[in-house]
Amino acid sequence: MKPMAQLAMVMNLDKCIGCHTCSVTCKQTWTNRAGVEYVWFNNVETRPGQGYPRRHEDQEKWRGGWELNARGRLRLKAGGRLRKLATIFSNPVLPELADYYEPWTYDYKNLTEAPAGDDMPTAAPRSLITGKPTDIVWSANWDDDLGGMPEHLDDDPLVGRLSEKVRGQFEEAFMFYVPRICEHCLNPACVASCPSGAMYKRSEDGIVLVDQDRCRGWRMCVTGCPYKKVYFNHRTGKAEKCTLCYPRMEVGLPTVCSETCVGRLRYLGVMLYDADAVTAAACEPDEKKLYHRQLDVFLDPEDPAVRQECERAGIPHDWIEAARRSPVHALISKYRVALPLHPEYRTMPMVWYIPPLSPIVDALAASGHDGESLDNLFGALDTLRIPVDYLAELFTAGDPEPVRASLETLAAIRNHQRRKNLGEEEDPGIAGRVGLSGQDLDDLFRLLAIAKYGERYVIPSAAAGDARSLEESVLGDGCSLEFDGGPGMGGPFGETSGQPVPASVETFHALKERQTSDSSADKPGGRRVNLLNWDGNGRPAGLFPARRKKEK
Amino acid sequence: MTSAGLLLWGVLPYVCLVALIGGTVWRHRYDKFGWTTRSSELYEKRLLRIASPLFHYGIIGAFFGHILGVVIPKSWIDGIGIDEHAYHLIATWLGIPAGLAALAGLAMLIVRRRTTGSVFDATTNNDKVMYVVLLGAICLGLAATFWNAAEGPYDYRTSVSVWFRSVFYGDPKIALMSATPIVYRIHAAVGMVLIGMFPFTRLIHAFAAPVFYMFRPYIVYRSRDARQLGARSPQRGWERVR
Ligand code: HEM
Ligand code: SF4
Ligand code: SF4
């Protein structure tokens, strides 16, 4: 077992109102520079819809992520190492700018400088790439709120996989938003695709980054990522991607998208996992089991054996404690309401989603039923197969069971809470139907509905994690109390033998002496004088070296 | 020995070598961020899809051809049983396709660069100078090969190649070069300029050729460096004081 820690995110899709605040604040923070005008580290997609870049989920075309070869081993879908190098001169499956969109601005100057005339001057769009006048034909969220539906319905790669009958009923069925960032995968295909080894996963927190000094612009990572979350900066010629706002996370602050999320639907926390088990789990032949295999990779921080193993692996204590309080762990592993996005890409993504129940409640209410009744809701999950099947294509490689289980839990919370609100008696059967207790439902309700800042974001800071190794950095690794004689005492061969006394221990004792004695620092039996501790009084014996006797 | 000959075949090689090595070291130390292919595939890929592999496979073929003809002594080649005639055939019939591929590829790349608005906008002056010299070197190389096939055979391995190696022994045989056909002399001179320019242009991406990718594990883990504040190592003189 090789335990590792990962900072992960969960988004509760029921609460996303599609306001794009997260995208805008992220862009302001990270990608409002030339060269990345078209780049959205965070983007919000309306589903059903094509997404950004267009139809990126069509892996038969874009060949992102992993696949299994004939021997059941993982192979990059875009081809193995030799093939990568052979096609490096022109990557055959790189999205073009048109697949994202051509960024533009407006010719505002014309508004003030146009000569007087009969017509109102206009601010015509201009391409940010060529500076020439351009037509706006597509953008990062052109099909927002089902814009262009139903003509473009079949352009959604997931819709193509559903049965004909189901597809027909789509328009009336539902719509929801999926905000997307880099998944900071456990088995990142982008890292595996990088020929120069410039991309890496940080061993402390699992954040996947591009080393800008080592990137040589081979642009293979763009193809490798099935979520298309590595972007090519066309000015600098280097790849860039979501950093999970590591400068913020390192000091315990949530990412910008989380911080500014209007729906407060994002959760951040630590997941512990067994790095040795990742590859085997990703090799699962049955795509529908990949979700369960990934769950098995996670470690339970409540298990003392796991905690001990983590300590031994050098995971800082406060990280392990944070894992116990992690809202992400609760939603993913404990209550199993959160699901991974496209586990079939085999990258083991680490941004998970709570599927939206609201389209179903809405549909029920619209058909004159009581959308809050548990039986109606449970029944609707089966009759309104469309959303469930669609969600299953998104989150569980097409297996409706985990999606239904998650939605049932969400329905149970609603019902349980409604009874409470109406002053009705608690019905333990409700929690029982989803395999939880009433207390669990209360806890889940709290986590999903009212959790405050500190409960949604449980982020151990990197500085605290490092503190232990930093504080005695002068001294090497051993604990100062471990050697013979204990703190502040000399070794067996006099004061300077043995391991040096840690500066902090020496300071502690010196301060204690100074504060509790009423004489000067010049004390009989005093050791060498540490000038930092010298209180300035008197002339301690060790202050100057002993005078050598003058020879006559 | 004329003074022009001395400058061209006795001084220029060393100037170019110093520029090549010094420039590469300098870029590695101070401009890692600028070391990239600056790929333009995002702007345009239909033409690039044909032109870039054509050019690269051609130029890499030509590179290995130069190793065979210029770097490896004739006696070694003779030693493995390839005589003058066989060598000449190989050099002509492998060299011409490689050279033509490189030339055709480069021509397409240049046309693409000129005609695609966004690619042209991303072309620096440095690039333009580089394309002129690169195109010149390839054309002259091809011209030499064609001349050799038509007028020859001329065995440059007893003149140009000997001079080339003598440069590295620190005793350049200038007289050998002064006596070679003019097309070889111009090709060699332009080639040296290209070599000298190499690290100061986008061509430096060739020195980062990612052969190491074949041998490394797929997933790279790296540790946050506690001594380092940012993601990149600090510039010289800006290291953190401890
Ligand atoms: C041997 C390893 C090499 C590799 C892996 C390599 C790879 C690449 C790549 C990926 C590009 C970017 C293409 C794009 O997407 O726009 C490129 C461009 C280029 N390479 Fe290379 N290259 C190599 C060697 C060379 C050599 C030896 C030369 C010339 C002496 C060369 C000259 C060029 C030029 C001129 C371009 C710019 C093409 C354009 O966009 O007009 N390369 N190379
Ligand atoms: S989602 Fe992020 S970590 Fe995963 S493959 Fe894409 S860029 Fe890499
Ligand atoms: S800010 Fe929050 S609510 Fe708004 S689109 Fe982003 S994730 Fe959804």
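The shown structure was predicted, so the numbers you read here are calculated from the model rather than taken from an experiment.

This part covers the sheet that holds strand E13 (residues 339-340) of chain A. Residues and elements named next belong to chain A. Sheet architecture is open: four strands sit in the order E12-E1-E14-E13, paired in mixed fashion. Whereas interior strands pair on both sides, the edge strands pair on one side only; in this sheet they are strand E12 (266-274) and E13. Sheet analysis places E13 next to strand E14 (residues 351-354), joined by two bridges and oriented antiparallel. Within the sheet, the bridge partner assigned to Leu339 lies in E14 and is Tyr353.

Residue and element names in this part refer to chain A. This model, assessed by the stated rule, comprises 37 salt bridges over all chains. Linking Arg47 and Asp156 is a salt bridge whose minimum nitrogen-to-oxygen distance equals 3.2 Å. A residue pair is termed long-range when its members are at least 10 positions apart, and Arg47 in strand E2 (residues 43-47) and Asp156 in the loop between strand E6 (125-127) and helix H6 (164-168) qualify at 109 residues. Taken together, the shared-partner salt bridges connect Glu45, Arg47, Glu57, Asp156 and Arg180 into one network.

Turning our eyes to something else, we now look at the environment of Trp40 of chain A. Residue and element names in this part refer to chain A. Topologically, Trp40 is positioned in the loop between helix H1 (21-30) and E2. By relative accessible area, Trp40 is classed as buried at 19%. Residues Trp40 and Cys242, spaced 202 residues apart in sequence, show a C-alpha to C-alpha distance of 8.7 Å. Among all residues touching Trp40, those that are not within four sequence positions of it are Ser23, Val24, Lys27, Tyr52, Tyr101, Ala140, Lys229 and Tyr231.

This brings us to the site of ligand 1. Looking at ligand 1, there are 24 residues lining it, with Arg219 of chain A together with Ser39, His56, Tyr131 and His205 of chain B nearest. Around ligand 1, the nearby residues trace back to chains A and B. Contacts to ligand 1 include Ser39 of chain B, whose side-chain N or O atom sits 2.6 Å from an oxygen atom. Among the secondary structure elements, those contributing two or more residues to the shell around ligand 1 are helix H2 (46-71), helix H4 (84-115) and helix H6 (125-151) of chain B. With four residues, H2 of chain B is the single largest residue contributor to the shell around ligand 1. Here the shell around ligand 1 is composed, by residue class, of 14 nonpolar, five polar and five charged.

Take the packing of aromatic side chains next. Residues and elements named next belong to chain A. Scanning all chains against the criterion turns up 28 aromatic pairs over all chains. Here the aromatic rings of Tyr100 and Tyr231 are separated by 6.0 Å at their centres, their planes lie at 50 degrees, and the arrangement is tilted. Remark: Tyr231 occurs in strand E10 (residues 230-233) and Tyr100 occurs in helix H4 (residues 97-100); sequence separation between them is 131 residues. Exposure class is identical for Tyr100 and Tyr231. Each is buried. Consider the rings of Tyr101 and Trp104, whose centres lie 6.0 Å apart with planes at 75 degrees: the pair is edge-to-face. Relative accessible area serves as the criterion here: at 7%, Tyr101 is assigned to the buried category. Since its relative accessible area comes to 22%, Trp104 is described here as partly exposed.

Residue and element names in this part refer to chain A. Where helix H12 (residues 275-282) meets helix H13 (residues 290-297), the closest approach of the two axes is 9 Å, and the angle between their N-to-C directions is 170 degrees. Taken as axis vectors, H12 and H13 run roughly antiparallel relative to one another. Taking contact as the criterion, the partners of Ala277, Val278, Ala280, Ala281 and Ala282 in H12 are, on H13, Leu290, Arg293 and Val297.

Our focus in this paragraph is the coordination of the iron atom of ligand 1. Residue and element names in this part refer to chain B. At the metal site, the iron atom of ligand 1 is ligated by His56 (NE2) and His205 (NE2), and these contacts range over 1.9 to 2.0 Å. One can describe the site at the iron atom of ligand 1 as octahedral: its six donor atoms subtend angles covering 86 to 178 degrees at the metal. Taken as a pair, His56 in helix H2 and His205 in the loop between helix H9 (182-197) and strand E1 (221-222) lie far apart in primary sequence, 149 residues in all.

Residue and element names in this part refer to chain A. Contact geometry for helix H16 (residues 327-334) and helix H22 (residues 438-450): axes closest at 11 Å, N-to-C directions at 125 degrees. As summarised for this structure, H16 and H22 are arranged oblique, according to the angle between their axes. Of the two elements, H16 crosses H22, and the hand of that crossing is left-handed. Of the residues in H22, those touching H16 at Pro327, Ala330 and Leu331 are Leu444, Leu447 and Leu448. Split by residue class, the contact of H16 with H22 holds six nonpolar, no polar and no charged.

All right, on to the UniProt feature "binding site: heme b 2" (unreviewed entry) in chain B then. Residue and element names in this part refer to chain B. According to UniProt, the "binding site: heme b 2" (unreviewed entry) feature falls on His66 and His187. A stretch of 122 residues holds the annotated residues, and the largest C-alpha distance among them is 12.4 Å, short enough that they meet in one place. Mapped onto the secondary structure, His66 falls in helix H2. Classification of His66 by relative accessible area gives partly exposed; the value is 43%. Residue contacts for His66: discarding those within four places in its chain leaves Val71 and His187. Here His187 is to be found in helix H9.

Cut-offs and rules
- Residues numbered from 1 in each chain as written.
- Chains lettered and ligands numbered in written order.
- Predicted model: local features only at pLDDT ≥ 70, side-chain atom pairs only at ≥ 80, totals over all residues.
- Heavy atoms only, no water.
- Pairing = 2+ DSSP bridges.
- Helix = DSSP H or I, 4+ residues; strand = E, 2+ residues; numbered from the N terminus.
- Salt bridge = Lys/Arg side-chain N within 4 Å of Asp/Glu carboxyl O.
- Buried < 20%, exposed > 50% of the residue type's maximum accessible area, 1.4 Å probe, protein only.
- Contact = heavy atoms within 4.5 Å.
- Near = heavy atom within 4 Å.
- Polar contact = N/O pair within 3.5 Å; in protein donor to acceptor, adjacent residues only side chain to side chain.
- Nonpolar A, V, L, I, M, F, W, Y, C, P; charged D, E, K, R; others polar.
- Phe/Tyr/Trp six-rings, centres within 6.5 Å; stacked < 30°, edge-to-face > 60°.
- Axes fitted to C-alpha atoms, helices over the stretch in contact; angles between N-to-C directions.
- Parallel < 35°, antiparallel > 145°, perpendicular 65-115°, else oblique.
- Donors = N, O, S within 2.8 Å, 3.2 Å for Na, K, Ca; no water.
- Tetrahedral: all angles 85-135°; square planar, octahedral: opposite > 155°, others 65-115°.
- Left-handed = near helix turned anticlockwise from the far one by under 90°.
- UniProt positions renumbered as here; feature names shortened; annotations may be inferred.

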